[in-house]
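Structural characterization, general
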Amino acid sequence: KQYFRMMRTSLGPTALLTTPVAGHVVRIAGIVAGETVLGVQTLTDAQRLLDRNRRGLPRDVVVVGGGYIGLEMAETYVRLGATVIIVDQAPEIMGTLDPDMAALVRTAMVRHGIEVRCGTAVTAFEPGAVHLANGDTLTADLVVLGTGVAPNSQLAADAGVDDVHIIAALAL
């Protein structure tokens, strides 16, 4: 595969380095291979989620992660008629936004029927339930791990590139 390309930008000669991404590793009690807790970090993960939906849409969905991926998953499932709760351990969803903008996104999510729980972590999963650090237990036919991806910069490091500026990371 080709991972490197030189191009000219307004900044001058620029190297475009494309690498695979790595999903954030989630280590929470109760995660087992199956159809109840699914990630969406890769195309293979997305296909598993689609396959699961073809066998029957869930009624109660908990989305772990309040970033772009988590919000996309929440919006999708609420449009499909599910009850959706987003759980994020950060104080507010969309941590990449300024707090006032993130609050507007939260308001829009709630207006569309999505419950948002911030400031508490998921501590365990079991069939049909998600346990939170604040002591609450949520009902869930499906848990979507929308915890994001990180760029894999190991290829650059192995090539001896020591001045890497990551402008954007996209998972394809």
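This section reports on the structure supplied with the text. None of the values given here were measured: they were computed from a predicted structure.

1. A few points about the overall build of the protein chain
From N to C terminus, the protein chain includes four helices and 12 strands. Looking at the protein chain as a whole, 32% of its 172 residues are labelled buried. When contacts within the protein chain are restricted to residue pairs at least 6 apart in sequence, those whose partners lie at least 24 apart make up 55%. When the accessible surface of the protein chain is summed, it comes to about 10700 Å², and 56% of that surface belongs to carbon and sulfur atoms.

2. Quick word on the sheet that holds strand S11 (residues 142-145)
Ordered in space as S4-S11-S5-S6-S7, the five strands form an open sheet in which the pairing is parallel. Two strands lie at the open edges of the sheet, namely strand S4 (37-39) and strand S7 (114-118), each paired on one side alone. Adjacent strand axes in the sheet meet at a mean angle of 20° when their direction is disregarded. In terms of strand pairing, S4 meets S11 through three bridges, oriented parallel. Paired with Val-37 across the bridge in S11 is Val-143. In this fold helix H2 (residues 68-79) packs onto strand S5 (60-64), strand S6 (83-88), S7 and S11, with an angle of close to 165° to the strand it touches most, S6. Along the sheet face, helix H3 (residues 99-111) touches S6 and S7 and points at about 140° away from the line of S7.

3. Let's talk about the sheet that holds strand S9 (residues 129-132)
Strand order in the open sheet formed by three strands is S8-S9-S10, with antiparallel pairing between adjacent strands. Where the open sheet ends on each side, the last strands, each with one partner, are strand S8 (122-126) and strand S10 (137-139). For this sheet, the mean angle separating the axes of adjacent strands, direction not counted, is 20°.

4. Considering the environment of Val-110
Residue position: Val-110 is located in helix H3. The partly exposed category is assigned to Val-110, whose relative accessible area is 47%. Considered as a pair, Val-110 and Ile-85 are 25 residues apart in the sequence and their alpha carbons are 9.7 Å apart.

5. Some remarks on the pairing of S7
Where burial is concerned, the two faces of S7 differ: the one with Ile-114, Val-116 and Cys-118 is buried and the one with Glu-115 and Arg-117 is not. Considered for its hand, the β-α-β crossover made up of S6, H3 and S7 is right-handed.

6. Some points on unusual backbone geometry
The backbone phi angle of Met-94 is positive, close to 55°, even though this residue is not glycine. Here Met-94 is to be found in the loop between S6 and H3. According to the relative accessible area criterion, Met-94 is buried, its value standing at 6%.

7. Here we look at the environment of Ala-140
With respect to the helices and strands, the residue Ala-140 is situated in the loop between S10 and S11. Take Ala-140: its relative accessible area is 3%, and that puts it in the buried class. Sequence-distant contacts of Ala-140, defined by excluding residues within four places in its chain, comprise Asp-60, Val-62, Gly-128, Ala-129 and Val-130.

Rules behind the numbers
Residues numbered from 1 in each chain as written. Predicted model: local features only at pLDDT ≥ 70, side-chain atom pairs only at ≥ 80, totals over all residues. Heavy atoms only, no water. Helix = DSSP H or I, 4+ residues; strand = E, 2+ residues; numbered from the N terminus. Buried < 20%, exposed > 50% of the residue type's maximum accessible area, 1.4 Å probe, protein only. Contact = heavy atoms within 4.5 Å. Areas by Shrake-Rupley, 256 points an atom, 1.4 Å probe, with all protein chains shown as cover. Pairing = 2+ DSSP bridges. Axes fitted to C-alpha atoms, helices over the stretch in contact; angles between N-to-C directions. Right-handed = clockwise from strand over helix to strand, strands pointing away.

Any link to function would need more than the numbers given here.
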